[in-house]
Amino acid sequence: MKCISVYTDNFEQFSDIFEQVVAEELAENEEKEVDGITVNYSGDVPDYYIERMAQKRDVVVMKDKGKGITILQHGKLFEILVPVAEKEASVI
């Protein structure tokens, strides 16, 4: 899963930029600013990461079922977890 970190604790600000952030094509560890909020493509995380984080008391888990996206909120951070289709291996 692709993990995009959004550094804010303001849900309204996060909601305002959510669609734009998900549509961005960021390189791994690339950081940029969107409407004054720092956004970073943190790389890929394993599938069990959601389960482990959801067990913590200070983590809120939200889902966008239509897009298959999971959002974790904790502290001053939102993490957008986007499923990545596995690339098919081609035989040369």
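For the structure, check the block above.
Residues numbered from 1 in each chain as written. Predicted model: local features only at pLDDT ≥ 70, side-chain atom pairs only at ≥ 80, totals over all residues. Heavy atoms only, no water.

A. The arrangement of the overall build of the protein in detail. Counting its regular elements, the protein contains two helices and six strands. A principal-axis box enclosing the C-alpha atoms of the protein has dimensions of 50 × 30 × 25 Å. Per-residue burial for the protein yields a buried fraction of 39% across its 92 residues. Split by element, the accessible area of the protein, about 6,300 Å² in all, is 46% carbon and sulfur. Across the protein, the 10 positively charged side chains and the 19 negatively charged ones have centroids separated by 6 Å. (Helix = DSSP H or I, 4+ residues; strand = E, 2+ residues; numbered from the N terminus. Buried < 20%, exposed > 50% of the residue type's maximum accessible area, 1.4 Å probe, protein only. Areas by Shrake-Rupley, 256 points an atom, 1.4 Å probe, with all protein chains shown as cover. Lys, Arg positive; Asp, Glu negative; His and termini not counted. Charge placed at Lys NZ, Arg CZ, Asp CG, Glu CD.)

B. Quick look at the packing of aromatic side chains. What the rule picks out here adds up to four aromatic pairs. On the basis of an interplanar angle of 45 degrees and a centroid distance of 6.2 Å, the ring pair of Phe11 and Phe78 is categorised as tilted. Pair noted here: Phe11 is in helix 1 (residues 11-23) and Phe78 is in strand 6 (residues 77-82), with a separation of 67 residues, a long-range link. Look at Phe11 and you get partly exposed, because its relative accessible area is 43%. An aromatic cluster is defined as three or more aromatic residues linked by ring pairs; in this entry it consists of Phe11, Phe14, Phe18 and Phe78. Geometry around Tyr41 places Lys2 over its ring, the cationic atom sitting 5.4 Å from the centre. (Phe/Tyr/Trp six-rings, centres within 6.5 Å; stacked < 30°, edge-to-face > 60°. Lys NZ or Arg CZ within 6 Å of the ring centre and 35° of its normal.)

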